[in-house]
Amino acid sequence: MPEPLLEVRNLSVAYLTETADVRAVDRVSFTVAPGEFLGIVGESGCGKSTLLFGVAQLLSPPGEVVGGDVIFRGEDMVRLGPDDLRHMRWRDFSIVMQSAMNALNPMKSIEAQFKDTLEAHGTLSHEEIQQRSAEVLEMVGIDPIHLGSYPHQLSGGMRQRAMIAMALLFTPQLVMMDEPTSALDVVAQRSLMTKVKDLQQSLGFAIIFVTHDMSVVSRYSDHVMVMYAGQIAEAARTESIFTRPLHPYTRGLMSAFPSVTGPRRELVGIPGAPPDLARPPTGCRFNPRCPDVMPECLTQDPELYVVGDAEVRCLLYAKQTKKAM
Amino acid sequence: MGADGNSDRTVADEPLIRTVDLTRHFGLGGLFAKKQVLHAVDDFNLTIHENEIVALVGESGSGKSTVARMLARVYPPTRGEIYYRGRLLNKLRSRKDLLWYRGEVAMVFQDPFSALNPVFRVSHGVTRNLALHRPDVRRDQRRREAERVFESVGLNAKMLRRFPYEMSGGERQRVGFAQALAVRPKLILADEPVSMLDVSIRAGVLNMMSNLRDQEGVSILYITHDLASARYVADRVLVMYAGHLVEEGPTETILGDPKHPYTQLLLSAVAESRQDAESISGDTGEPPKVINPSEGCRFRWRCPYAIEKCSQVTPRPTPIGSRQVACHVAVAQAEANSAAVPTAPITNT
């Protein structure tokens, strides 16, 4: 096994509010190997974006890392100061936000924003900056003529591509993406994903891809991690999670999708709604919605159990297997 | 569509709602700018029958919401007519007529988080609709009727007392449907009702829509960009591109064997499973903004099969079997094949 690029150990993030401390991410551990594509899937409010912010050290009060480590290339990012982090951002790891319209500065041209980023990490000449900006823009399939364009002059898909171009200015080893495709139409979404995968293969960076849409990751990711109520519900290789989902929640998610081919079948979905994290249910957090709920689920906290090459947080697998960590 | 434009049909064979060459243009630019006209919808023909869910599919900017807004009379069409049960919509002017129409056709909006007034309990919208549109329900019966409507969309009657912030997205969207249902509509215009909802909740709302059709006899215009959910609930599918209807027909016919290259592109973009990642075309385009368009097919810049005719003549929807397709190439192919054996469907159904 090669040295992991990123190792997250028991990371917990809480939002410290007046009434309660909401633990949005609860003891999450995972690793990302160089060049790997990890998909993180979950519904809104499951903590997936908070986890990403926790990894990138972008949390602002009241959000705070309350435990665990984020080891990136041997350094614990949780313990790094703002100056050290600033040197790493964009250069070593970058992040692509969900809504490019809000993430790009509406008052500046694309080139000016690229220039800001490039200048923050070294002094390049005007020509070098222009050359590199044009290069990355071409890489994501936008005509460099748009360097002079302002964000509002670009379509939604192009803005999102421009964001990805910006994340690739320094060819970082890790690119984190927070729902980059969810504001896009299906065709634009598919072509963006194909582009991202192509770039990943040619440049070799690792991707953490956060999404609520399982079908998006199914085709591109190496590993998938399903989150529910701040915890990992299931993590496995993409093939095995799609051919043999173990957690009742994962199974529910899969059967909640209608299909465009194959027989039409009744969709069941998952009854109920995700829990309020200020008051999570006792025992397994999925027990109020679980079709396979057992008496012990109401009282006993499930651990992550290893089943084959998968990890699953469900008491159904408690007896047959041993603990993951 | 010459034949369809005939307005003096009898009421008996009249569909629930029918549009004839529905067109909506928007003027762009300021006072001194050169006059630019955005063609949001051009010559759009749609029919919805009773007890039918029709999906209107297209990417953002294709004009599908504009169609819904014209049907809901948010704004009038630039050109073309809408017939509701044989009555011309433009002629409805009196308050009584408008109240009648709004009681027959209700709308459900995309965003359940901003469609409900946060300062009122959710019962407010339902009882207000009852007061306005249901004179047969006496004041003291409204409560019970509201409870019945709530239960028909799968909500607990006790939830009527809640405020919107006390409900989840899926519950709020059901409130949106309950408000629409309170007026006993024959047609619900649902503009992307599930796109803002989490996947685990979507299925419930989709199932509720087919229950409404089967049990309350409501027709639904289901506007979506999601072909898979359209296939799941809809009896018929209409595909729009850049303001034009490009393909229309029974759901399985269209999605099982799409004839229009745009429908094929849409379908290949959602085709699930991992196996065919390579089959995706390098297409990076998006629907164009149609400003002062010239004659010709609006898809031709992205179309792999475009021929010269496509840039000269705008294709009109032409019947091929049970469907209509607006594509010169597909129509020519169908004509060539009409003597021969029909081609096998591309995908299994």
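About the criteria used
- Throughout, a residue's number is its position along its own chain's written sequence, starting from 1.
- For this description, chains carry letters from A and ligands carry numbers from 1, given in the order in which they are written.
- Confidence filtering applies because this is a predicted model: local features only for residues at pLDDT of at least 70, side-chain atom pairs given and counted only at 80 or more, and all residues used for totals across whole chains, interfaces and linings.
- Put simply, DSSP H or I for four residues or longer makes a helix, DSSP E for two residues or longer makes a strand, and each gets a number counted from the N terminus.
- The exposure scheme places C-beta atoms from the backbone and then counts, for each residue, the other C-beta atoms within 10 Å of its own, assigning buried at 20 or more, exposed at 12 or fewer, and partly exposed in between.
- We call two residues in contact whenever the C-beta atoms placed from their backbones are within 7 Å.
- If DSSP finds at least two bridges between two strands, the strands pair.
- In these notes, a nonpolar core means any group of buried Ala, Val, Leu, Ile, Met, Phe, Trp, Tyr and Cys residues linked to one another through C-beta atoms within 7 Å.
- Gly falls in the polar group here, along with every residue not listed as nonpolar (Ala, Val, Leu, Ile, Met, Phe, Trp, Tyr, Cys, Pro) or charged (Asp, Glu, Lys, Arg).
- Helix axes use the C-alpha atoms of the stretch in contact, all axes being lines fitted to C-alpha atoms, and the angles between their N-to-C directions lie in the range 0 to 180 degrees.
- Looking at any residue, its pLDDT shows the predictor's confidence there, from 0 to 100.
- Roughly parallel here means an angle under 35 degrees, roughly antiparallel means over 145, roughly perpendicular means 65 to 115, and every remaining angle is called oblique.
- A crossing counts as left-handed when the near helix is turned anticlockwise from the far one by less than a right angle, and as right-handed when that turn is clockwise.

Turning next to the overall build of chain B. Each helix and strand in chain B was counted, giving ten helices and 13 strands. Counting every position in chain B, which comprises 349 residues, the buried fraction comes to 46%. In chain B, the share of contacts with a sequence separation of at least 24, taken over all contacts with a separation of at least 6, comes to 65%.

What follows is about the pairing of strand β10 (residues 236-241) of chain B. All names here are of chain B. With six of six residues buried, β10 is to be regarded as a mostly interior element. In β10, alternate side chains face the same way, and those of Arg 236, Leu 238 and Met 240 on one face and Val 237, Val 239 and Tyr 241 on the other are all buried. Bridge analysis of strand β4 (residues 53-57) against β10 gives four bridges, and the strand direction is parallel. The partner of Ala 55 across the bridge, within β10, is Val 237.

Residue and element names in this part refer to chain B. Neither face of strand β7 (residues 105-108) is exposed, since Val 105 and Met 107 on one face and Ala 106 and Val 108 on the opposite face are all buried. Where β7 lies against strand β8 (residues 187-191), four bridges are found, and the strand directions are parallel. Bridge pairing links Val 108 to Ala 190 in β8.

Secondary-structure assignment places Glu 43 of chain A in the loop between β3 (37-41) and α1 (48-56). Along the backbone, Glu 43 of chain A and Pro 274 of chain A are 231 residues apart, and their C-alpha atoms lie at a distance of 8.0 Å. Discounting chain neighbours no more than four positions away, the residues touching Glu 43 of chain A are His 212 and Pro 274 of chain A together with Asp 198, Val 199 and Ser 200 of chain B.

Turning our eyes to something else, we now look at the nonpolar core. Counting 192 residues, the largest nonpolar core has Met 176 of chain A together with Ala 55, Ala 178, Leu 221, Tyr 222 and Leu 238 of chain B as its most contacted members. Ignoring any residue separated from it by four or fewer positions in sequence, one finds Ala 178 of chain B in contact with Val 126, Val 149, Phe 150, Val 153 and Leu 155 of chain B.

Counting from both sides, the interface comprises 35 residues of chain B and, opposite them, 30 residues of chain A. Those elements that place two or more of their residues in the side of chain B that touches chain A are α6 (199-216), α7 (227-233) and α9 (261-270) of chain B. Here the element with the most residues in the side of chain B that touches chain A is α6 of chain B; it accounts for eight residues. A per-class count over the side of chain B that touches chain A returns 16 nonpolar, eleven polar and eight charged.

Residues and elements named next belong to chain B. One open sheet holds the eight strands; their spatial order is β7-β8-β9-β4-β10-β11-β13-β12, and the pairing between them is mixed. On the outer flanks of this sheet lie β7 and β12 (318-320), each paired with one strand and no other. Each neighbouring strand pair of the sheet contributes to a mean axis angle of 20°, computed without reference to strand direction. Contacting β7 and β8, helix α5 (residues 169-182) runs over the sheet at an angle of about 170° to β7. Packed on one face of the sheet, α6 meets β4 and β9 (219-224) and runs near 155° to β9.

With that out of the way, let us pick up the confidence of the model for chain B. Residue and element names in this part refer to chain B. Summarising the model, chain B shows a mean pLDDT of 84, and 87% of its residues fall at 70 or more. Segment residues 1-11 is flagged for pLDDT under 50; beyond a separation of four residues in sequence, or across chains, it makes eleven contacts in the model. A low-confidence stretch, residues 344-349 (pLDDT under 50), is modelled with eight contacts involving residues beyond four sequence positions or located in other chains. Confidence estimates for the predicted assembly give a pTM of 0.82 and an ipTM of 0.75.

Attention now moves to the sheet that holds strand β1 (residues 6-16) of chain A. Pairing between the strands of a sheet is mediated by backbone hydrogen bonds and can be parallel or antiparallel. All names here are of chain A. What the four strands build is an open sheet, ordered β2-β1-β4-β5; its pairing is antiparallel. The sheet is open, and its two borders are formed by β2 (21-32) and β5 (75-76), each paired with just one other strand. Examined bridge by bridge, β1 and strand β4 (residues 63-72) share eight bridges and lie antiparallel to one another. The partner of Ser 12 across the bridge, within β4, is Gly 67.

Let's shift gears to the packing of α5 of chain B against α6 of chain B. All names here are of chain B. Contact geometry for α5 and α6: axes closest at 10 Å, N-to-C directions at 20°. With respect to α6, the axis of α5 lies roughly parallel. Relative to α6, α5 is oriented so that their crossing is right-handed. When α5 is examined against α6, the residues Gly 169, Gly 170, Gln 173, Arg 174, Phe 177 and Leu 181 are found in contact with a partner set consisting of Ile 201, Gly 204, Val 205, Met 208 and Glu 216.

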